[in-house]
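# A look at the structure
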Amino acid sequence: MEMKGSSSDLVETSGDVSNSKKGGLKTMPFIIANEALERAAGVGLSANMILYLTKEYHWENATGASILFWWGSIANFMPIFGALLADSYLGRYFVIALGTVVSLMGMVVLWLTAILKEAKPHSCNLEAGNCSKPDFGQVALLFASFALMSIGAGCIMPCALAFGADQFNKPENPDNGRILQSFFNWYYASVCISTLISMTVIVYIQAQFGWIVGFGVSACLMLLAAATFLLGSKLFIRIKANKSLVTSFVQVVAAAWKNRHLALPPVDSDELYHHDKGSRLTIPTNKLRFLNKACIIRNPEKDLNPDGTASDPWKLCTVQQVEGMKALLKVLPIWSSGIMVAVTLNQHAFPVLQANTMDRHLVGNFNIPPGSFSAFAIITLTICVAIYDRILVPQISKITKNPRGLSFKQRMGIGILLSCAAQAVAALVEKERRVRALSEGLANHPFSQVNMSAMWLIPQNSLTGLAEAFNVIGQIEFYYSQFPKSMASIGVALLALGMGVGNLVGNLIVKYASTRGGKQSWVLNNLNLGHYDYYYWLLCFLSLVNFFYFIVCAWAYGSTEEQQKIWDVEQVEKEGDILIL
């Protein structure tokens, strides 16, 4: 056994296989297949879930949408816990494996709600309005399936992308940034392709063969995802879990408060700042300087142990801890601008209900399932990623002198504007649908088909796909570049957290649209008497305000290159600290 230096981010290998024989392209089929199959199984369930809740459980439209917002919110909050578990305790590999098994359990429970007659209210005539509501046990079983799937997704979501990047990341390579960008783009595109298949094939199976067969297919896909990931176990590079990041962050705050009376040393006084042995990051940056007091050495004989570690980590932290805390605090304003984007991207329930009332005929006797129209967003996203990565980036980079083409912040800003445009188009389409429904005398027949093609829903879905391609992928790259690699899962989890908060905000907006101080609801159970177009205009206005808020946050953040260079230098140093067993 040979050890060079020390690092909290040691790479584990096993047997006599050297680290050079692990990672790389050969691991991608297992990592991407796991995420793609998990996504295909999950999206296949959520795409049509509003119809399952309204038709099988007899909940109203607004109630069903609120349940889905809560489910999405919990599913997107859980990645924070999954990321902490991975980065602080178990490592990404074991957390992904755990999440895959728990997701499988959740899908099996949901499958049981469709199989067991006692798990749902008795069938009835929805238009007659004499339907019974689900009892406590039925609701508990359904929500248990949602909870298990949320926990599983919370383990997989923040770790899969970072775990894949671990197999490629080599900061000493001058082309590393471009390689990682291509990996992020194609990883996201491959997941989107699986989502597309889910939104078409699995949703069609649900519509044609029923919930029992449809949910069963999702459970089988999840079983295949677990088997695929475990088969690649011997090929993976595994980054060891660091010490608890939560504890580290709290220690920085505590130490900075205890040392608040100290004067900051001169900028170049690296001997007065506590840092990891052998680290190139010896002096804290000047941003958020009040936190720098957490790593000031007051008395070397009292503050440091013989091996150079802090005698009391609650009074003295390392420069690396302080900079990690700063990185988290600095990205929060830009992160918050993604909340409204998440609200617009999570508009799955109402478009499905709209499509259900429109002419979905395509060819022959084939009708596109209502839940499949979101597939147009995925198609647009996938095409956009391919064109941008392979055609536009080389051309744009000649102008911007940026190897990525557009900067992270430029891509995010464009995505926010596109999400605003998507809601404006959605409002115009819904207004036209409602006018036609009323002119055809369907005011009191909400389940009757309006003489209007559902293809009108394609433009808003395509704009949503473009918004996601620019903003969401831009966010992923931004977080990954602004955090040390030991915090990569936390960085990726921020995106999921934004989606979770977006679901909560979306739920509040639905509540406002359904109550409005006692006035008539915009989101009535009867789409033809409601004003869903007003709801979309409200989202459009809030998205426009969010765009100007993002501009302010992006300006205040400053350069992203400076922070990225700090962590790349530190990571290159750690590449020499590899444990070979």
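Residues numbered from 1 in each chain as written. Predicted model: local features only at pLDDT ≥ 70, side-chain atom pairs only at ≥ 80, totals over all residues. Heavy atoms only, no water.

Per an unreviewed UniProt entry, the protein goes by Protein NRT1/ PTR FAMILY 1.1-like and derives from Nicotiana tabacum. Database annotation for the protein, UniProt heading Subcellular location (unreviewed entry): "Membrane". (UniProt positions renumbered as here; feature names shortened; annotations may be inferred.)

### A short note on the overall build of the protein
Of the regular secondary structure elements, the protein holds 17 helices and six strands. For the protein, the residues scored as buried account for 57% of the 581 residues in total. Considering only contacts in the protein between residues 6 or more positions apart, those separated by 24 or more positions represent 81%. Roughly 24,500 Å² of accessible area belongs to the protein as shown, and the carbon and sulfur atoms make up 66% of that amount. (Helix = DSSP H or I, 4+ residues; strand = E, 2+ residues; numbered from the N terminus. Buried < 20%, exposed > 50% of the residue type's maximum accessible area, 1.4 Å probe, protein only. Contact = heavy atoms within 4.5 Å. Areas by Shrake-Rupley, 256 points an atom, 1.4 Å probe, with all protein chains shown as cover.)

### Here's the deal with helix H1 (residues 28-46)
Residues that lie three or four places apart on an α-helix share one face, since the helix turns once every 3.6 residues. Spanning 19 residues, H1 covers 26 Å between terminal C-alpha atoms, matching the ideal 27 Å at 1.5 Å per step. All of the buried residues along H1 are Met28, Ile31, Asn34, Glu35, Ala36, Leu37, Glu38, Ala40, Ala41, Val43, Gly44 and Leu45. (Expected span 1.5 Å × (residues − 1).)

### Topic: unusual backbone geometry
Phi at His58 is positive, roughly 65 degrees, even though this residue is not glycine. With respect to the element layout, His58 can be found in the loop between helix H2 (49-55) and helix H3 (61-90).

### Notes on helix H14 (residues 458-482)
Here H14 spans 36 Å end to end across 25 residues, near enough to the 36 Å set by a 1.5 Å rise per residue. The sharpest bend along H14 reaches about 30 degrees and sits at Glu468. In terms of residue burial, H14 counts as a mostly covered element, since 22 of its 25 residues are buried. (Bend = angle between axes of the 7 residues up to and from the residue.)

### Quick word on the state of the cysteines
A full pass over the atoms with the stated rule returns zero disulfides. Cysteine Cys159 remains unbridged, with the sulfur of Cys155 as its closest cysteine sulfur at 7.1 Å. We classify Cys159 as buried; its relative accessible area is 0%. Residue Cys317 stays outside any disulfide, its sulfur separated by 7.9 Å from that of Cys295, the closest cysteine. On the basis of relative accessible area, Cys317 is assigned to the buried category, the value being 0%. (Disulfide = S-S within 2.5 Å.)

### Digging into a nonpolar patch on the surface
Together, Val108, Leu112, Ile115, Leu116, Phe209, Ile212 and Val213 line one region of the surface with nonpolar side chains, adding up to about 570 Å² of accessible area. Looking at the nonpolar patch, the elements that each hand over two or more residues are helix H4 (92-115) and helix H7 (211-231). The element contributing the most residues to the nonpolar patch is H4, with three residues. The class for Phe209 is exposed, based on a relative accessible area of 56%. (Patch = residues over 30% accessible without salt bridge, like charges linked within 9 Å, V, L, I, M, F, W, Y side chains within 5 Å. Salt bridge = Lys/Arg side-chain N within 4 Å of Asp/Glu carboxyl O.)

### Side note on the environment of Leu148
Its place among the elements puts Leu148 in helix H5 (residues 136-166). A sequence separation of 43 residues divides Leu148 from Met105, and the C-alpha atoms of the two residues are 6.8 Å apart. Every residue in contact with Leu148, bar those within four places of it in the chain, is listed here: Val102, Ser103, Met105, Gly106 and Val109.

### Some thoughts on the environment of Leu508
Here Leu508 lies in helix H15 (residues 488-515). Among the residues examined, Leu508 registers a relative accessible area of 58% and is labelled exposed.

### Focus: the pattern of salt bridges
Considering all chains together, one arrives at four salt bridges under this definition. Residue Lys326 is joined to Glu323 by a salt bridge in which the shortest nitrogen-to-oxygen separation is 3.2 Å. Note that Lys326 and Glu323 are positioned in helix H10 (residues 319-345) at a spacing of three residues, about one turn of the helix. Since its relative accessible area comes to 0%, Glu323 is described here as buried.

### Let's talk about the packing of H1 against H7
Running from N to C, H1 and H7 cross one another at 165 degrees; their axes reach a closest spacing of 8 Å. Taken together, the axes of H1 and H7 are roughly antiparallel relative to one another. Like other packed secondary-structure pairs, H1 and H7 cross with a definite hand, here left-handed. Together, Pro29, Phe30, Ala33, Asn34, Leu37, Glu38, Ala40, Ala41 and Leu45 of H1 and Phe215, Ser218, Leu221, Met222, Leu224, Ala225, Ala226, Thr228, Phe229 and Leu231 of H7 make up the contact between the two elements. (Axes fitted to C-alpha atoms, helices over the stretch in contact; angles between N-to-C directions. Parallel < 35°, antiparallel > 145°, perpendicular 65-115°, else oblique. Left-handed = near helix turned anticlockwise from the far one by under 90°.)

### Remarks on the packing of aromatic side chains
Throughout the structure, instances matching the rule amount to 25 aromatic pairs. Geometrically, the ring pair formed by Tyr57 and Trp59 is stacked, given 5.4 Å between the ring centres and 10 degrees between the ring planes. Here Tyr57 matches Trp59 in class, with each residue buried. With a centroid separation of 5.0 Å and 80 degrees between ring planes, the pair formed by Tyr93 and Phe94 is classed as edge-to-face. Accessibility expressed as a relative area gives 8% for Tyr93, which makes it buried. A relative accessible area of 44% places Phe94 in the partly exposed class. (Phe/Tyr/Trp six-rings, centres within 6.5 Å; stacked < 30°, edge-to-face > 60°.)

### A look at the side chain of Thr54
Structurally, the position occupied by Thr54 is in helix H2. Residue Thr54 is classed as buried on the basis of its relative accessible area of 10%. At 3.4 Å, the side chain of Thr54 forms a polar contact with the backbone oxygen of Leu51. (Polar contact = N/O pair within 3.5 Å; in protein donor to acceptor, adjacent residues only side chain to side chain.)

### Section: the packing of H3 against H4
Where H3 contacts H4, the two axes come as close as 8 Å, and the packing angle between them is 135 degrees. When the interaxial angle is binned, H3 and H4 end up oblique. For the pair H3 and H4, the sense of crossing is right-handed. Contacts between H3 and H4 involve Gly82, Leu85, Ala86, Asp87 and Leu90 from the first element and Arg92, Phe94, Val95 and Leu98 from the second. Of the residues belonging to the contact of H3 with H4, the class tally is six nonpolar, one polar and two charged. (Nonpolar A, V, L, I, M, F, W, Y, C, P; charged D, E, K, R; others polar.)

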